[in-house]
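Here's the letter readout for the chains.
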Amino acid sequence: MTSDGQQANEEQVPEGEAAGIMLPASKEIPSEYSVMRYAGRNRIIIEDDKVVGFFPQAFALRPDEEYLSVTWIEYFKGAPDEQRVRAIKAFRRSFPGVGKQSAYAIGNVGKVRDECVARSHRVRILHEPEDENKGHCAIRRFPRDDSDLLQVLSADVFTEIIPNISIP
Amino acid sequence: MSLAEAAVTEQKYSRPPITEAVFEVRFESSIEPGLSEKVFRQFASAYPQEETLHNLGVHVNVNPANVQASHAQVQRDHVVYRRSSNDRSQLMLLVPNAFVVSQLAPYPGWETFFGRFQNDWERFKKVAGYQRIGRIGVRYLNRIDIPIPAGDVTIDPKDYLNIYVKTPEALGQQVAYAGQVLHALPELHGNLLLNTAIVPSPLFDHISIMLDLDVHREGGAPQLDKDIFALLTQIRTIKDDVFEHCITDAARSLFNR
Amino acid sequence: MSTLSPVPTDVRSRAVAALAQPPALLERVISADTLRGVNKAQALKTSEPPSAISTQSGTALDQRVFDALANAKTFAAMVSMHLDKAWREKLFNQLDDLHDLSEWETGDEPVEQKSFITFLKTFIALDPRRRPSLGMTHDGHILMAWVRGSDRLTLEFLENDSVRWTVTMTIDGNKERAAGQTVATRLTQTLAPYSLQDWLSNDK
């Protein structure tokens, strides 16, 4: 259910939403771009009714997950604000359980990669489009048990916050 | 000094150690099951959270002469109905032969708790009608949380309580204890059942001692509301006296921190 | 003698549990007279208080959430004499928010009782003047955080009084980060280099 009460896959995938960026054959997302991570209400830090950050656990893999799911912002065309809105709407189409009180965290791909490599995790940030979310990416080889990495991602890398409720 | 002679002062503690306070009215026979369910529904607005426990009894009949012919029967022994407030601090319990009103910490004071019981009793009777009362009791469970001083220091329960288990010096220090005492209360035509024990502390760096006071009359229980309430008020005074006799000033200082 | 020896908590807990058990195999080894006395003493045994009578849990999510919240709030009631009244009410509201089924993520678990107990015991011991934000992991562990600009301290409460912590802090203009796991009773010492008391205080 999207924040406006629609079933996620009732909304059609807009034609021509892609920015048309060519990726290398490896499908790795270049460092200059950004990715967006969804966090439900329980993994968000709220003070005085305002989202001020994310718990490190917002970036933790669940036991049944093989990779960390994110959405590539610049896959979508338009000015930066428009790209973010398109990315969020694509995510909502692909994920029926988006909570009204949830939020999105945006961080630079290069910084994600650098922090992982600094901790000896040779991650691959790969474009793996899904039917409803063509900007979907997978951070593969992401570690399961690195509290220090999760902390730096939540505090210093994914620093841009967009509350779900702010996007109609 | 007898209980009646003890100075009855209304001690008002900022942090009373009461973990649960209970009024229980026990009947001489079980309430008819359909009626229990009606009573249970009657309390829905006062106690929105509901739970029902079906107690099953497994009865095994063993035939020693022919073990093969032994058989087991599962019987639905009785149903326990429990309701609570949304914050789970106020409980109402209905078992086949008892009506129970309970208050968890934080304890709101006698007037509030007793007032709630009176309202609930009224509501119970409106649906259940008259049920012959066999026992009326008030039970207060207290937990005294004693901070353990830094370093390898022993705690002496008698510094905090006047009821504890004493063992010979030759046995050395105790690790834990539990004790139970039954006293007759002639002025009440009732009894005091007193339990005390070391219990797992819910706090770090504390030792906790439970003091469970159950004051009741069994046999000759009043049947009219005014007599029931008068008895409970009398029990309250006795219960407070007992509590004050059981604790020391060191314990009192913990309740006013 | 009545003094209690300073034994570790788990040793005392096992002793308390053993005292709560009825004597096993007693009937085979004692006389009938003694057994009658034991049975009389057993008959005096006080019944469980209403709060201890538990009902069966269901497996449906809403039933599991209901049971988990009930257990958490009952435990909170047991220590409420050590909690500020306003904070207790806020805590219950936050717990309800964390279990809002309209925000629920598939696969998440409701609050894990042992985690909640570690959380509440730690909270009482720390007694923060500045109230933290609360969250929950997908497997029901309580999370706690304080944020000051780009600095933050987060705690994840595990079972058996264990706490996982992370801290990001600007010290003398340099960003420092650390993460670890410790027993809750050592949290103050473990986080001393990161000025734990400042995080808990309203002053900064």
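Residues numbered from 1 in each chain as written. Chains lettered and ligands numbered in written order. Predicted model: local features only at pLDDT ≥ 70, side-chain atom pairs only at ≥ 80, totals over all residues. Heavy atoms only, no water.

**Comments concerning the overall build of chain A**
Here comes step 1: Within chain A, the regular secondary structure consists of three helices and eight strands.
Here comes step 2: On C-alpha atoms alone, chain A measures out to a radius of gyration of 15 Å, which is about the 15 Å that the 2.2 N^0.38 rule sets for 168 residues.
Here comes step 3: In terms of its C-alpha atoms, chain A occupies a principal-axis envelope of roughly 45 × 40 × 30 Å.
Here comes step 4: Counting all 168 residues of chain A, 52% fall into the buried class.
Here comes step 5: Pairs at least 24 residues apart make up 73% of the contacts formed inside chain A by residues separated by at least 6 positions.
Here comes step 6: When the accessible area of chain A is evaluated, it comes to approximately 7700 Å², of which 47% is carbon and sulfur surface.
Here comes step 7: Of note, chain A has its 22 positive side-chain charges centred 2 Å away from the centre of its 27 negative side-chain charges. (Helix = DSSP H or I, 4+ residues; strand = E, 2+ residues; numbered from the N terminus. Rg over C-alpha atoms; globule rule 2.2 N^0.38 Å. Buried < 20%, exposed > 50% of the residue type's maximum accessible area, 1.4 Å probe, protein only. Contact = heavy atoms within 4.5 Å. Areas by Shrake-Rupley, 256 points an atom, 1.4 Å probe, with all protein chains shown as cover. Lys, Arg positive; Asp, Glu negative; His and termini not counted. Charge placed at Lys NZ, Arg CZ, Asp CG, Glu CD.)

**Things to note about the interface of chain B and chain C**
Here comes step 1: Facing 64 residues of chain B, the contacting portion of chain C comprises 49 residues.
Here comes step 2: In this structure, the connection of chain B to chain C is made through seven residue pairs in polar contact (both at pLDDT 80 or more).
Here comes step 3: Looking at which element gives the most residues to the side of chain B that touches chain C, the answer is strand E2 (residues 49–61) of chain B, with five residues.
Here comes step 4: Class assignment of the residues belonging to the side of chain B that touches chain C gives a composition of 32 nonpolar, 14 polar and 18 charged. (Polar contact = N/O pair within 3.5 Å; in protein donor to acceptor, adjacent residues only side chain to side chain. Nonpolar A, V, L, I, M, F, W, Y, C, P; charged D, E, K, R; others polar.)

**Quick notes on the confidence of the model for chain B**
Reading predicted coordinates in detail is not appropriate for stretches of low pLDDT.
All names here are of chain B.
Here comes step 1: Looking at chain B as a whole, its pLDDT mean stands at 88, while 91% of the residues score no less than 70.
Here comes step 2: With pLDDT under 50 throughout, residues 1–11 is counted as low confidence; its partners more than four residues away or in other chains account for 16 contacts.
Here comes step 3: Note on the complex model: pTM 0.84, ipTM 0.87. (pLDDT = per-residue confidence, 0-100.)

**Topic: the nonpolar core**
Here comes step 1: Counting 65 residues, the largest nonpolar core has Phe99, Phe117, Trp121, Phe124, Leu211 and Leu232 of chain B as the members making the most contacts within it.
Here comes step 2: Tallying contributions element by element places helix H3 (residues 225–246) of chain B first for this core, with nine residues.
Here comes step 3: Those residues in contact with Leu211 of chain B that sit more than four places away from it in its chain are Tyr140, Leu141, Asn142, Ile144, Leu161, Ile163, Leu194, Asn195, Thr196, Phe243, Cys246 and Ile247 of chain B.
Here comes step 4: In this structure, Met36, Tyr38, Cys116 and Val157 of chain A belong to the second largest nonpolar core, which totals 45 residues. (Core = buried A, V, L, I, M, F, W, Y, C linked by side-chain atoms within 4.5 Å.)

**A short note on helix H6 (residues 113–126) of chain C**
Residue and element names in this part refer to chain C.
Here comes step 1: For H6, which comprises 14 residues, the first-to-last C-alpha distance of 20 Å matches the rise-based estimate of 20 Å (1.5 Å per residue) to within 8%.
Here comes step 2: Across the 14 residues that make up H6, a large majority, ten, are buried.
Here comes step 3: Once H6 ends, the next one or two residues include Asp127, with phi positive near 50 degrees. (Expected span 1.5 Å × (residues − 1).)

**Brief notes about the interface of chain A and chain C**
Here comes step 1: Taken residue by residue, the interface counts 32 residues in chain A and 32 residues in chain C.
Here comes step 2: Approximately 2500 Å² of surface area, both sides summed, lies buried where chain A meets chain C, with 45% of it carried by carbon and sulfur atoms.
Here comes step 3: When residues of chain A are sorted by the area they lose upon contact with chain C, Asn42, Arg62 and Gln151 of chain A head the list and together hold 23% of the total.
Here comes step 4: Inspection of the region where chain A meets chain C yields seven salt bridges. (Buried area = accessible area lost by both parts, 1.4 Å probe. Salt bridge = Lys/Arg side-chain N within 4 Å of Asp/Glu carboxyl O.)

**Some points on the environment of Leu232 of chain B**
Residues and elements named next belong to chain B.
Here comes step 1: Note on placement: Leu232 falls in helix H3.
Here comes step 2: Note on Leu232: relative accessible area 2%, which makes it buried.
Here comes step 3: Each C-alpha atom, one on Leu232 and one on Ser201, is 31 Å from the other, the two residues being 31 residues apart in sequence.

**Here's the deal with the sheet that holds strand E8 (residues 160–163) of chain A**
Residue and element names in this part refer to chain A.
Here comes step 1: What the six strands build is an open sheet, ordered E6-E7-E4-E1-E5-E8; its pairing is antiparallel. In this open sheet, the two strands that pair with only one neighbour each are strand E6 (124–127) and E8. Going from strand to strand, the sheet's axes swing by 35 degrees on average, the running direction of each strand aside.
Here comes step 2: When E6 meets strand E7 (residues 136–140), the two strands line up antiparallel, connected through four bridges. Residue Ile125 lies in a different strand from E7, and its bridge partner there is Ile139. (Pairing = 2+ DSSP bridges. Axes fitted to C-alpha atoms, helices over the stretch in contact; angles between N-to-C directions.)

**Digging into the pairing of strand E4 (residues 68–72) of chain A**
Residue and element names in this part refer to chain A.
Here comes step 1: Counting buried residues along E4, four of its five residues qualify, which places the element largely inside the surrounding structure.
Here comes step 2: Both strand E1 (residues 34–39) and E4 contribute to a ladder of two bridges, which runs antiparallel. Bridged to Val35 within E4 is Trp72.

**Some remarks on the pattern of salt bridges**
Here comes step 1: For the structure on display, the rule yields 39 salt bridges over all chains.
Here comes step 2: Of the charged contacts, one joins Arg43 of chain A and Glu105 of chain C as a salt bridge, the two residues approaching to 3.4 Å between their closest N and O atoms. Residue Arg43 of chain A is located in the loop between E1 and strand E2 (44–47), and its partner Glu105 of chain C is located in the loop between helix H5 (85–98) and H6; the two belong to separate chains. In this structure, Arg43 of chain A and Glu105 of chain C share a single accessibility class: buried.
Here comes step 3: Between Arg135 of chain B and Glu24 of chain B there is a salt bridge; the shortest N-O distance is 3.2 Å. Taken as a pair, Arg135 of chain B in strand E6 (residues 133–147) and Glu24 of chain B in strand E1 (residues 18–27) lie far apart in primary sequence, 111 residues in all.

**Section: the sheet that holds strand E2 (residues 142–148) of chain C**
Here comes step 1: On the basis of which strands lie adjacent, the open sheet formed by five strands has the order E1-E2-E3-E4-E5 (chain C) and antiparallel pairing. Every other strand in the sheet has two partners, leaving strand E1 (133–136) and strand E5 (174–183) of chain C as the edge strands with one partner each. Neighbour to neighbour, the strand axes of the sheet diverge by 15 degrees on average, direction disregarded.
Here comes step 2: Sheet topology note: the E1 of chain C/E2 of chain C ladder contains four bridges and is antiparallel. By the bridge assignment, Met136 of chain C is partnered in E2 of chain C with Ile142 of chain C.
Here comes step 3: Packed on one face of the sheet, helix H3 (residues 147–157) of chain A meets strand E3 (151–157), strand E4 (162–171) and E5 of chain C and runs near 135 degrees to E5 of chain C.

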